[in-house]
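Residues per chain are reported as follows:
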Amino acid sequence: MKKNPFKLLMILFFTILFVAGCQRISPMETPTQSTVIETPLPSATSEIAREAEVTRIDLSEPLDDPRAELSGLTWVEDWLILLPQYPSRFEDHIYRIPKDEILDFLKDPSKRSIIPQEVSFISAGVEKKVTGYEGFESITTNGQDAWLTIESNAKNMTGYLVHGLWNEDYSKLTLSADSLTEIPSQENISNSSYESVLVFGKRIVTLYEANGKNVNDQPRAQLFDQSNNFIQSLNFPNIEYRVTDATQPDQNGLFWVINYFYPFDKGKLNPAEDEISAEYGQGKTHAQSETVERLVAMQFSEQGIVLADLPPIQLELSAENESRNWEGLVKLDDTGFLLVTDLFPETLLVFVPKIY
């Protein structure tokens, strides 16, 4: 059959156009855009740096007095236990609140103040056994068992661990003087010792307060068995400022700590660069203040305790620019956290939502 030369020329022409087009943009390549897009660093307005609103839960006498110096929180069943640093100031009582009353108050804050119930605190004279006794600093529970830490200002700042037992209805806590055990010391920093205690599996874990790079080059968590026998030390991350309490870890070993900085402690703590703020940024009120009030997630791992890959929960700072000395922390179901202050600026029990 005779070929049509015009038809052949047209086929050749369109073939050249097709090949040229394929050379310009390959189906496996993305065309280059002239606009350069940069990933912004975390800032006060970024999602990562959001702050959590702080909701006060009103308490009636006697815990509305700053002298209560609340230093620890824990759950027993559906009771929130509030630990004063010096129970002897309250005729040897600590206090409890039913969870339902807390939940009802958060639904309707216009309700009256919550009245804390007295809990008998039988110390068995452990205060007299601790030279330089400076009060109870933290508490945790597991069933009917409880563990508390005590601070001492003897020759060096020292912490002690003591075991206690709850009665059946959690209206009385009795300590065992024979269980009193000194916690291995770390640094000798004024008014700093072990302000956090938690239960992980069959181990009791105590956390030291000052773990910044410039004051504690090898921070450690100290582990005990349930008879208060020392087992071992665990690596703990360098984290600036103070660690003043911790939640119970979940089934994956994840827990949260209070990480607090009062600017007048700068000389004592000599803080290095705050790597957490450098990574995640600062919320609106934190960007305008030296004070740091946040919750930081941590994780048990094969390397010891490490920082979890989660943003901190920054608390919206006080409008009066008063630093709040947070010293007690528990989770409130899956909705958020409850925190209490020590002496400054007053006794506060608050709810902070889990925003991540």
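(A) Inspection of the nonpolar core at higher detail. Ranked by size, the top nonpolar core spans 22 residues in total, and within it Phe136, Leu148, Trp166 and Leu173 carry the most contacts. Listing elements by their share of this core, those giving two or more residues are β4 (79–84), β6 (117–122), β7 (133–142), β8 (145–152), β9 (158–166) and β10 (172–175). Once you skip the residues sitting within four places of it in the chain, Trp166 turns out to touch Val76, Ile81, Ile94, Val119, Ile139, Thr141, Gly143, Gln144, Asp145, Ala146, Lys172 and Leu173. Formed by 20 residues, the second largest nonpolar core is a distinct cluster that contains Leu59, Leu63, Phe90 and Ile102.

(B) Fine view of the sheet that holds strand β21 (residues 326–332). The strand order across the open sheet built from four strands is β2-β23-β22-β21, with neighbouring strands paired in antiparallel fashion. Both outer strands of the open sheet, β2 (55–56) and β21, are each paired with one neighbouring strand and no more. Sheet contacts for helix α2 (residues 99–107): β2, β21, β22 (336–341) and β23 (349–353); angle to β21, the most-contacted strand, approximately 90°.

(C) Layout of the pairing of β10. Residues Leu173 and Leu175 of β10 are buried on one face, while the alternating residues Lys172 and Thr174, pointing to the opposite face, are not. Bridge analysis of β6 against β10 gives three bridges, and the strand direction is parallel. Across the sheet, residue Phe121 finds its bridge partner in β10, namely Leu173. Pairing of β9 with β10, which is carried by three bridges, proceeds in the antiparallel orientation.

(D) Region of the structure containing the side chain of Asn211. In this structure, Asn211 sits in the loop between β13 (203–208) and β14 (220–224). Under the relative-accessibility criterion, Asn211 is labelled buried at 0%. The residues contacting Asn211, other than those within four sequence positions of it, are Asn216, Pro219, Phe236, Pro237, Asn238, Ile239, Tyr241 and Val243.

(E) Fine view of empty space enclosed by the protein. If you walk through the whole model with that rule in mind, you get two cavities of 30 Å³ or more. Put simply, the largest cavity is a space of about 50 Å³. Contributing to the lining of the largest cavity are Ile276, Ser277, Gly281, Gln282, His286, Val292, Arg294, Pro312 and Gln314. Of all elements in the fold, only α5 (275–280) and β18 (292–301) reach the threshold of two or more residues within the lining of the largest cavity. Residues of the lining of the largest cavity, tallied by class, amount to three nonpolar, five polar and one charged. Volume-wise, the second largest cavity comes out at about 30 Å³. Around the second largest cavity, the lining residues are Met157, Thr158, Gly159, Ser185, Gln186, Glu187, Ser193, Tyr194 and Tyr208. Considered class by class, the residues forming the lining of the second largest cavity number three nonpolar, five polar and one charged.

(F) Region of interest: the environment of Leu80. Here Leu80 lies in strand β4. Residue contacts for Leu80: discarding those within four places in its chain leaves Leu73, Thr74, Trp75, Tyr95, Arg96, Ile97, Ile102, Val330, Leu338 and Leu349.

(G) Region of the structure containing the pattern of salt bridges. Evaluation of the coordinates by the stated rule reveals 13 salt bridges. Note that Lys99 and Asp333 form a salt bridge whose closest N and O atoms lie 2.8 Å from each other. Residue Lys99 is located in helix α2, and its partner Asp333 is located in the loop between β21 and β22; the two are separated by 234 residues in the primary sequence. For the salt bridge of Arg324 with Glu293, the shortest nitrogen-to-oxygen distance reads 2.8 Å. In this pair, Arg324 is assigned in the loop between β20 (313–315) and β21 and Glu293 in strand β18, connecting sequence segments 31 residues apart. Counted as one network, the salt bridges with shared partners bring together Glu195, Glu209, Arg242 and Glu327.

(H) Quick peek at a negative patch on the surface. A surface patch of negative charge is lined by Asp100, Glu101, Asp104 and Asp108. Turning to its location among the elements, Asp104 is positioned in helix α2.

The rules behind each value
- Residues numbered from 1 in each chain as written.
- Predicted model: local features only at pLDDT ≥ 70, side-chain atom pairs only at ≥ 80, totals over all residues.
- Heavy atoms only, no water.
- Core = buried A, V, L, I, M, F, W, Y, C linked by side-chain atoms within 4.5 Å.
- Buried < 20%, exposed > 50% of the residue type's maximum accessible area, 1.4 Å probe, protein only.
- Helix = DSSP H or I, 4+ residues; strand = E, 2+ residues; numbered from the N terminus.
- Contact = heavy atoms within 4.5 Å.
- Pairing = 2+ DSSP bridges.
- Axes fitted to C-alpha atoms, helices over the stretch in contact; angles between N-to-C directions.
- 1 Å grid on protein atoms, 1.4 Å probe; cavity = no way out; pocket = protein on both sides within 12 Å on 5 of 7 lines; lining within 4 Å.
- Points joined across faces, edges and corners; volume = space filled by probe spheres on them.
- Nonpolar A, V, L, I, M, F, W, Y, C, P; charged D, E, K, R; others polar.
- Salt bridge = Lys/Arg side-chain N within 4 Å of Asp/Glu carboxyl O.
- Patch = residues over 30% accessible without salt bridge, like charges linked within 9 Å, V, L, I, M, F, W, Y side chains within 5 Å.
- Areas by Shrake-Rupley, 256 points an atom, 1.4 Å probe, with all protein chains shown as cover.
- Lys, Arg positive; Asp, Glu negative; His and termini not counted.
- Charge placed at Lys NZ, Arg CZ, Asp CG, Glu CD.

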